[in-house]
Amino acid sequence: MPDNRQGSGVIDFPHRQSAHCESGVAANLLTWKGLEITEAMAFGIGSGLFFGYLPFIRLNGLPLVTYRAAPGNILKQLEKISGITMDQKKFRDTNQAMAELDAALEQGIPVGLQTGVFWLPYFPRALRFHFNAHNLVVYGKEGDEYLISDPVFPAPVRCPAKDLARARFASGALAPKGKMYSLRSVPEQLDYNRHIPEAIGSACRMMRSSPFPLIGVKGIRFLAGRLEKWPGRLGRERADLHLGHVVRMQEEIGTGGGGFRYMYVAFLQESGERLQDPVVHDCAALLTEAGDTWRQFGVMAARICKNRAQPDDTYPAMAETIRNCAQLEEKVFQELNHWVKQQGQSKAQVTR
Amino acid sequence: MEQQTPPTRENGITDGVDIVGYLVNDEGNYELISGPGWQPVNIVNRQAWQEIEKQIEVSKDHVDSGRVSCLHYYMTINQMNIGLLAGYTNQSRLRVRLHLIPFFFKRLGPNTLKKYGDLFQVSTDDLKNGRIKAPIYDAGQQAGQRRD
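Quick caveat, the model's predicted, so the values are computed rather than measured. (Residues numbered from 1 in each chain as written. Chains lettered and ligands numbered in written order. Predicted model: local features only at pLDDT ≥ 70, side-chain atom pairs only at ≥ 80, totals over all residues. Heavy atoms only, no water.)

Undergrad: Give a description of the overall build of chain B that names residues and reports values.
TA: Within chain B, the regular secondary structure consists of seven helices and two strands. Each helix and strand of chain B, placed in order from N terminus to C terminus, yields the pattern β-β-α-α-α-α-α-α-α. Taken over 148 residues, chain B has a buried fraction of 48%. Working note: accessible area of chain B is about 8000 Å², and carbon and sulfur atoms make up 48% of it. (Helix = DSSP H or I, 4+ residues; strand = E, 2+ residues; numbered from the N terminus. Buried < 20%, exposed > 50% of the residue type's maximum accessible area, 1.4 Å probe, protein only. Areas by Shrake-Rupley, 256 points an atom, 1.4 Å probe, with all protein chains shown as cover.)

See below:
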């Protein structure tokens, strides 16, 4: 285990910029603890990919569209891996939460925090919305400022204690309640032959066989159906707002592009290499196509939002593009599901 | 983050901070590549802010015409709603709803005013006199403007 203490509670923490905050924090913490892992691998093994269109949850009055699993899911999945143990805590009292953070830093433990974005002064102004499921690592304190490795930023940043305390106790949907977590132990190596098929299997179940019509491939088709009707139901202006919201959820900072699809492709490629398996590699190419199609939709939507629509940019055309995405993703996860089953069978034969 | 006066979002949503995304390299493999991000997202982000600015204008008009208290303006400019405001100030939604009405707002005690002042990072004096200041994320960048 590394002993990286440097004087007054500043830990030598390797900051690596990543595309998504939760997988980035997970990968950085695991790497610090001695288990070298890429962000894409952490995202994949944590079963980060998902789709859900949940109109009964509203963000600023607009329906929630999510391209990834619920916040906290990646960490929860990683914790299930044998050998990885994690300390996790939530608080009621701000002072106690900050005191515990200081105590952990004193012991030389980098601490992961869930925070709200709105209260973090180092965030770009245009991204300061009330979004409460951001993750970052605190690795030291100097005077009244915390040293923070925020994975979506190119370099470590600093944040005054007062603002960090506010961010940890942000109110609203997904309130962090001061949640902090740190790794207690990690295995020396991950058994990729086991964990990769398991994680892909769980992603397949989410995307293909959810009983709810708003989730997975069914959810994508549902969104397409609704989107088509938006101009008629909501009027042009509200429809455009809804449309812009979908694209923001798909592409804004923290997604890695194409609604997390590109990050999952990176995971599939890495998995294909590790397992020496051509099937996974081929699926990666197919999912790339799905990501590209999502971006096609995004470009069309952005043109409409900017009032620069070309003759082909219509709501039915966009719905059709989204249906293409659904079809491509259905195919990808069908093939992957087949592959996972084969893996299971061949493993059973070996143990027999 | 760069300090800009007046703050603009013309040069992308990240304020010049490079972010990373997954892109294909020459060998056809995905790699984390640093850059200003995918451009169309700037358009939809700006659209979201325009909507917020529109709401702020409406709120300003309502405050001026005396239909709501200036608390409504502070709530809107910080993208909050009644639920969020109630959560942050530890009060019931009904109470907050009442405080948005000028009649009740004028009769607020110093403790309640302080709660709101601390949250919006303005003085109770500003709140009482209905002075309109910048939102929290602009504090230090934009001086407060008097309404009159």
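Undergrad: So what about the interface of chain A and chain B? Which residues, and what values?
TA: Opposite the 49 residues of chain A that make contact, chain B presents 40 residues. Together chain A and chain B conceal approximately 4000 Å² of surface at their shared face, both sides included; 62% is due to carbon and sulfur atoms. When the buried surface of chain A facing chain B is broken down by residue, Trp119, Arg125 and His130 of chain A rank first, second and third, together holding 17% of it. Linking chain A with chain B are one salt bridge, by the criterion used here. (Contact = heavy atoms within 4.5 Å. Buried area = accessible area lost by both parts, 1.4 Å probe. Salt bridge = Lys/Arg side-chain N within 4 Å of Asp/Glu carboxyl O.)

Undergrad: Go over the sheet that holds strand β5 (residues 85-89) of chain A with me, naming the residues and quoting the values.
TA: All names here are of chain A. If you trace the six strands from one edge of the open sheet to the other, you get β5-β10-β6-β7-β8-β9, paired in antiparallel fashion. Every interior strand has two partners, whereas the edge strands, β5 and β9 (157-160), have only one. Across this sheet, the average inter-strand angle for adjacent strands is 35°, counted without regard to direction. Where strand β8 (residues 145-149) lies against β9, four bridges are found, and the strand directions are antiparallel. Note that in β9 the partner of Ile148 across the bridge is Val157. Contacting β6 (111-115), β7 (134-142), β8 and β10 (180-185), helix α1 (residues 21-32) crosses the sheet at an angle of about 45° to β7. (Pairing = 2+ DSSP bridges. Axes fitted to C-alpha atoms, helices over the stretch in contact; angles between N-to-C directions.)

Undergrad: Give me the lowdown on the packing of aromatic side chains, citing residues and values where you can.
TA: Residue and element names in this part refer to chain A. The full count for this structure, using the stated rule, is 20 aromatic pairs over all chains. Grouping aromatic residues by their ring pairs yields a cluster made of Phe43, Phe260, Tyr264, Phe267 and Phe333. Over the ring of Phe129 we find Arg248; its NZ or CZ atom is 4.6 Å from the centre of that ring. Directly above the ring of Tyr192 sits Arg274, whose terminal nitrogen or CZ lies 4.1 Å from the centroid. (Phe/Tyr/Trp six-rings, centres within 6.5 Å; stacked < 30°, edge-to-face > 60°. Lys NZ or Arg CZ within 6 Å of the ring centre and 35° of its normal.)

Undergrad: Which residues make up a nonpolar patch on the surface, and what values go with them?
TA: Residues and elements named next belong to chain B. Among the surface-exposed residues, Leu94, Leu98, Ile101, Phe103 and Phe104 lie close enough to one another that they form a single nonpolar patch of about 450 Å² accessible area. Looking at the nonpolar patch, the elements with two or more residues in it are α4 (93-99) and α5 (102-105). Checked against the element boundaries, Leu94 lands in helix α4. Classification of Leu94 as exposed rests on a relative accessible area of 58%. (Patch = residues over 30% accessible without salt bridge, like charges linked within 9 Å, V, L, I, M, F, W, Y side chains within 5 Å.)

Undergrad: Describe the packing of helix α8 (residues 236-251) of chain A against helix α1 (residues 40-64) of chain B, naming the residues involved and giving the relevant values.
TA: A pair of packed helices can be characterised by two numbers: the angle between their axes and the separation between those axes. Two numbers describe how α8 of chain A lies on α1 of chain B: the axes approach to 9 Å, and their chain directions differ by 130°. One finds that α8 of chain A runs oblique with respect to α1 of chain B. Seen along the crossing, α8 of chain A lies across α1 of chain B with a hand that is left-handed. Residues Glu237, Asp240, Leu241, Gly244, Val247, Arg248 and Glu251 of chain A of α8 of chain A lie in contact with α1 of chain B, whose contacting residues are Val41, Val44, Asn45, Gln47, Ala48, Glu51 and Lys54 of chain B. Tallied by class, the residues present in the contact of α8 of chain A with α1 of chain B amount to five nonpolar, three polar and six charged. (Parallel < 35°, antiparallel > 145°, perpendicular 65-115°, else oblique. Left-handed = near helix turned anticlockwise from the far one by under 90°. Nonpolar A, V, L, I, M, F, W, Y, C, P; charged D, E, K, R; others polar.)

Undergrad: Could you give me a rundown of the domain arrangement of chain A, with the residues and numbers involved?
TA: All names here are of chain A. Taken domain by domain, chain A holds domain 1 (5-37 + 85-185) and domain 2 (192-347). Placing the centre of domain 1 and that of domain 2 at their C-alpha centroids yields a distance of 30 Å. Together, the buried faces of domain 1 and domain 2 total about 610 Å²; carbon and sulfur atoms form 70% of this surface. Of all residues in domain 1, the largest losses of buried area upon contact with domain 2 belong to Ala19, His20 and Leu127, amounting jointly to 57% of the total for that side. Inspection of the region where domain 1 meets domain 2 yields zero salt bridges. (Domains from an automatic or database assignment.)

Undergrad: Could you give an account of the confidence of the model for chain B, naming the residues involved and the relevant values?
TA: Residue and element names in this part refer to chain B. Model confidence for chain B is summarised by a mean pLDDT of 82, while 86% of its residues fall at 70 or above. Highest mean pLDDT in chain B belongs to α4 (96); lowest belongs to strand β2 (residues 30-35) (85). Taken together, the stretch residues 1-10 has pLDDT below 50 and engages in 25 contacts with residues farther than four places along the chain or on a different chain. Under a pLDDT of 50 for its full length, residues 140-148 has, in the predicted model, 14 contacts with residues more than four places off or in other chains. (pLDDT = per-residue confidence, 0-100.)

Undergrad: Quick one: what's the story with the pattern of salt bridges, residue by residue and with numbers?
TA: Residue and element names in this part refer to chain A. Considering all chains together, one arrives at 19 salt bridges over all chains under this definition. Two residues, Arg261 and Glu329, come together in a salt bridge whose shortest N-O distance is 2.8 Å. Here the residue Arg261 occupies a position in helix α9 (residues 261-275), and Glu329 occupies one in helix α11 (residues 315-351), the gap between them amounting to 68 residues. The same class applies to Arg261 and to Glu329, which are both buried. Residue Asp313 pairs with Arg303 through a salt bridge whose shortest N-O separation is 2.7 Å. Of this pair, Asp313 sits in the loop between α10 (278-305) and α11 while Arg303 is found in helix α10, placing the two residues 10 residues apart along the sequence.

Undergrad: Give me the lowdown on the domain arrangement of chain B, citing residues and values where you can.
TA: When cut into domains, chain B gives domain 1 (1-37) and domain 2 (40-138). For domain 1 of chain B and domain 2 of chain B, the distance between their C-alpha centroids amounts to 32 Å.

Undergrad: So, the pairing of β2 of chain B: which residues are in play, and what are the values?
TA: Residues and elements named next belong to chain B. As defined by bridge partners, strand β1 (residues 19-24) adjoins β2 across six bridges and the pair is classed as antiparallel. Within β2, the position partnered with Val20 by the bridge is Ser34. Hairpin connection of β1 to β2: five residues between the antiparallel strands, including Gly28 at a positive phi of 85°.

Undergrad: Explain the packing of helix α3 (residues 82-89) of chain B against helix α6 (residues 110-120) of chain B residue by residue, including any values.
TA: Residues and elements named next belong to chain B. Two elements in contact, α3 and α6, have axes whose closest approach is 10 Å; the angle formed by their N-to-C orientations is 105°. The orientation of α3 relative to α6 falls into the category roughly perpendicular. Where α3 approaches α6, its residues Leu85, Tyr88 and Thr89 are matched on the opposing element by Lys115, Tyr116, Leu119 and Phe120. For the contact of α3 with α6, the class distribution of residues is five nonpolar, one polar and one charged.

Undergrad: Account for helix α3 (residues 73-80) of chain A, naming residues and giving values.
TA: Of all the positions in α3 of chain A, only Asn73, Ile74, Leu75 and Leu78 of chain A are classed as buried. Where α3 of chain A is buried, its residues meet α1, α2 (39-45), β5, β7 and β10 of chain A.

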